[in-house]
Amino acid sequence: MKIDFVSDVSCPWCAIGLNALEQALARVAAEGITATLHFQPFELNPSMAPEGQAIVEHLTEKYGISAEQVAANTEAIRQRGAGVGFEFGLGKRSRIYNTFDAHRLLHWAGLQSAETQRQLKHALFKAYFTDGLSPGDHAVLLAAAASAGLDTDAARAVLDSNAHADDVRERETFYQQAGIRSVPAVIINDRHLISGGQPVEVFEQALRQIAAS
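Small disclaimer: the values here were computed from a predicted structure and weren't measured.

### Points about the packing of helix 4 (residues 100-112) against helix 5 (residues 114-130)
For the pair helix 4 and helix 5, interaxial distance at closest approach is 7 Å and the crossing angle is 155 degrees. Looking at the two axes, helix 4 sits roughly antiparallel to helix 5. Packed against helix 4, whose contacting residues are Ala102, Leu105, Leu106, His107, Ala109 and Gly110, the element helix 5 presents Ala114, Thr116, Gln117, Leu120, Lys121 and Leu124 at the interface. When grouped by side-chain class, the residues that make up the contact of helix 4 with helix 5 number seven nonpolar, four polar and one charged.

### Side note on the pairing of strand 6 (residues 192-195)
Taken together, the four bridges between strand 5 (residues 185-188) and strand 6 define a ladder with antiparallel strand orientation. The residue of strand 6 that forms the bridge with Val186 is Ile194. Hairpin connection from strand 5 to strand 6: three residues lie between these consecutive antiparallel strands, with Asn189 at a positive phi of about 55 degrees.

### Remarks on the packing of aromatic side chains
Per the stated rule, a full pass over the model turns up eight aromatic pairs. Their ring planes at 65 degrees and their centres at 5.7 Å tell us that Phe5 and Phe39 sit as a pair that is edge-to-face. Taken together, the positions of Phe5 in strand 1 (residues 2-7) and Phe39 in strand 2 (residues 36-41) put the pair 34 residues apart, joining distant regions of the chain. By the burial criterion, Phe5 is buried, and Phe39 matches it. Judged by centre distance (6.5 Å) and plane angle (80 degrees), the rings of Tyr97 and Tyr128 are edge-to-face. Taken as a pair, Tyr97 in the loop between strand 4 (95-96) and helix 4 and Tyr128 in helix 5 lie far apart in primary sequence, 31 residues in all. You'll find Tyr97 and Tyr128 in the same group, each marked buried. Within the aromatic cluster, the residues linked to one another by ring pairs are Phe86, Phe88, Tyr97, Phe125, Tyr128 and Phe129.

Basis of the calculations
- Residues numbered from 1 in each chain as written.
- Predicted model: local features only at pLDDT ≥ 70, side-chain atom pairs only at ≥ 80, totals over all residues.
- Heavy atoms only, no water.
- Axes fitted to C-alpha atoms, helices over the stretch in contact; angles between N-to-C directions.
- Helix = DSSP H or I, 4+ residues; strand = E, 2+ residues; numbered from the N terminus.
- Parallel < 35°, antiparallel > 145°, perpendicular 65-115°, else oblique.
- Contact = heavy atoms within 4.5 Å.
- Nonpolar A, V, L, I, M, F, W, Y, C, P; charged D, E, K, R; others polar.
- Pairing = 2+ DSSP bridges.
- Phe/Tyr/Trp six-rings, centres within 6.5 Å; stacked < 30°, edge-to-face > 60°.
- Buried < 20%, exposed > 50% of the residue type's maximum accessible area, 1.4 Å probe, protein only.

Structure (structure tokens):
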């Protein structure tokens, strides 16, 4: 199977959804159901300034909810993450940042191999959600690249240039025109869409049904 995982590195449900999807794939692997993941870009906040914005301020402005609702949602997300083995660092993450350079780096990593891109995606989720680091900071991106086994000099050259900017924008436009308005969006074999950070069992059932069709 080919799976396109459309997501943003600053989307908590994307981190939850990726772990759940991978666990579902592990469950069905013994049945001969395998997949290659391709990570596609989606920016939740494409106009976000480089310095970012306080998360509570951003969420209350964007969704019209109270600070108390933000706190309740944050705890619910933390618990869902723990359920699939992903750690949201308590009190670590206070701002939301521009993620365009992270998407450029992910695109470049995907040109190396699908597995390298997957490892970088996990490293970026950990950097932001577990450790509270900025995915817009080039030093953070380079550390993530190194942890994924990528050449840091080559990664630095990508970040210091405008490399793959047009590729990322083209992919973003493609999925927007295809009707993707929220993430994660999991597209299997270019035909089947599963929206949101679903439980492991939902992904598992869908994988079996698609494999049998």
